[in-house]
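Letter by letter, the chains look like this.
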Amino acid sequence: MENQQDNPIKTDVTRKSGWEREVIEKLALAAITEQTRARRWSVFFKSLIFLYLIAVFGVAMYPTIKQDMGGNSKDHTAVVDVVGVIAEDKDSNAASIIESLRDAVKDKHTKGIILHSNSPGGSPVQSAYVYEEIRNIKKDHPNLPVYAVVSDICASGCYYIASASDKIFVNQSSLIGSIGVLMDGFGFVDGMQKLA
């Protein structure tokens, strides 16, 4: 077995290769450490931004969430639209108007209902359904006022619905029509003249 002192060249080569390896290991460890630090800072800042966005979202949504939970809800007047032609296949139909009325009555913070009326009328059946619903609401909740407020026109079926309310408010320029149908003739003028 050879002694290391006997072969000085081999010892010198071993030292040189060991030194290079140590330097490479130190550089690799330093790079890994630097990457780890950078990753930690990146995660920290991303978490900080995420928490900031959650806080901003929470502050923005707090009034809505508080109101949905029933906290600090304020009394209000419900507005139910009776706008456009009253018919089963239109926006102003008995089902949607009655649903809006019932939702208003269910809300304990509703202190009154306003029927925003702007309609030339329409189906007498649809109008009768809404009329009866308002009368039932008045019977079950006598202290809940229901007012009709007319903007441009309130005729025929719309006026029928409005007549179920406690009061009707109109502008001096509003067009208010009658309940029912007026028939001026039935188109047999010439035939009637011959028979007469």
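Each remark here, short or long, concerns the structure printed above.
The structure displayed is predicted, hence computed values, not measured ones.

1. Side note on the overall build of the protein
In step 1: The secondary structure content of the protein amounts to five helices and five strands.
In step 2: What you see in the protein, going N to C, is helices and strands ordered as α-β-α-β-α-β-α-β-β-α.
In step 3: The proportion of buried residues among the 196 residues of the protein is 22%.
In step 4: For the protein, restricting intrachain contacts to residue pairs at least 6 apart in sequence, the fraction spanning at least 24 positions comes to 66%.

2. Some words on unusual backbone geometry
In step 1: You will see that Ser156, though not glycine, has its phi angle at about 50°, which is positive.
In step 2: For Ser156, the location among the structural elements is in the loop between strand S3 (146-154) and helix H4 (157-162).

3. Points about the packing of aromatic side chains
In step 1: Taken as a whole, this structure holds five aromatic pairs when the rule is applied.
In step 2: Each member of the aromatic cluster is reached from another via a ring pair, and the members are Trp41, Phe44 and Phe45.

4. As for the nonpolar core
In step 1: Formed by 24 residues in total, the largest nonpolar core has its most connected members in Val82, Leu101, Ile113, Leu115, Val130, Ile134 and Ile161.
In step 2: If you list the elements that add at least two residues to this core, you get strand S1 (76-83), helix H2 (94-106), strand S2 (110-119), helix H3 (124-140), S3 and H4.
In step 3: Of the residues forming this core, the biggest block, five residues, is contributed by H2.

5. Brief notes about a nonpolar patch on the surface
In step 1: Where nonpolar side chains cluster on the molecular surface, the patch consists of Trp41, Phe44, Phe45 and Leu48 and spans about 440 Å² of accessible area.
In step 2: When you line up the elements, Phe44 lands in helix H1 (residues 8-68).

6. Some remarks on the packing of H2 against H3
In step 1: Axis separation between H2 and H3 bottoms out at 9 Å; the angle between their running directions is 15°. Between H2 and H3, the crossing angle belongs to the class labelled roughly parallel. Handedness of the crossing formed by H2 with H3: right-handed. Residues Ala94, Ala95, Ile97, Ile98, Leu101, Arg102 and Val105 of H2 lie in contact with H3, whose contacting residues are Gln126, Tyr129, Val130, Glu133, Ile134 and Ile137.
In step 2: For the contact of H2 with H3, the class distribution of residues is ten nonpolar, one polar and two charged.

7. Structural notes on the pattern of salt bridges
In step 1: Inspection of every chain in the model, using the stated rule, returns two salt bridges.
In step 2: Of the charged contacts, one joins Glu133 and Arg102 as a salt bridge, the two residues approaching to 3.1 Å between their closest N and O atoms. Of the two residues, Glu133 is situated in helix H3 and Arg102 in helix H2; the sequence distance between them amounts to 31 residues.
In step 3: Note on Glu133: relative accessible area 11%, which makes it buried.
In step 4: We classify Arg102 as partly exposed; its relative accessible area is 45%.
In step 5: Two residues, Lys138 and Asp166, come together in a salt bridge whose shortest N-O distance is 2.9 Å. Of the two residues, Lys138 sits in helix H3 while Asp166 sits in the loop between H4 and strand S4 (167-169), which places them 28 residues apart along the sequence.

8. Focus: the side chain of Ser165
In step 1: Among the secondary structure elements, Ser165 is positioned in the loop between H4 and S4.
In step 2: Within the structure, the side chain of Ser165 is placed 2.6 Å from the backbone oxygen of Ala162, a separation counted as a polar contact.
In step 3: At 3.1 Å, the side chain of Ser165 forms a polar contact with the backbone oxygen of Lys167.
In step 4: Discounting chain neighbours no more than four positions away, the residues touching Ser165 are Leu115, Ile134, Val146, Tyr147 and Ala148.

9. Focus on the environment of Glu133
In step 1: Along the sequence, Glu133 and Ala94 sit 39 residues apart, while their C-alpha atoms lie 9.4 Å from each other.
In step 2: Dropping the residues within four chain positions of it, Glu133 is found in contact with Ile98, Leu101 and Arg102.

10. Notes on the side chain of Ser174
In step 1: By the secondary structure assignment, Ser174 is in the loop between S4 and strand S5 (175-176).
In step 2: Engagement of the side chain of Ser174 in a polar contact is seen with the backbone oxygen of Ser151, the distance being 2.7 Å.

Basis of the calculations
- Residues numbered from 1 in each chain as written.
- Predicted model: local features only at pLDDT ≥ 70, side-chain atom pairs only at ≥ 80, totals over all residues.
- Heavy atoms only, no water.
- Helix = DSSP H or I, 4+ residues; strand = E, 2+ residues; numbered from the N terminus.
- Buried < 20%, exposed > 50% of the residue type's maximum accessible area, 1.4 Å probe, protein only.
- Contact = heavy atoms within 4.5 Å.
- Phe/Tyr/Trp six-rings, centres within 6.5 Å; stacked < 30°, edge-to-face > 60°.
- Core = buried A, V, L, I, M, F, W, Y, C linked by side-chain atoms within 4.5 Å.
- Patch = residues over 30% accessible without salt bridge, like charges linked within 9 Å, V, L, I, M, F, W, Y side chains within 5 Å.
- Areas by Shrake-Rupley, 256 points an atom, 1.4 Å probe, with all protein chains shown as cover.
- Salt bridge = Lys/Arg side-chain N within 4 Å of Asp/Glu carboxyl O.
- Axes fitted to C-alpha atoms, helices over the stretch in contact; angles between N-to-C directions.
- Parallel < 35°, antiparallel > 145°, perpendicular 65-115°, else oblique.
- Left-handed = near helix turned anticlockwise from the far one by under 90°.
- Nonpolar A, V, L, I, M, F, W, Y, C, P; charged D, E, K, R; others polar.
- Polar contact = N/O pair within 3.5 Å; in protein donor to acceptor, adjacent residues only side chain to side chain.

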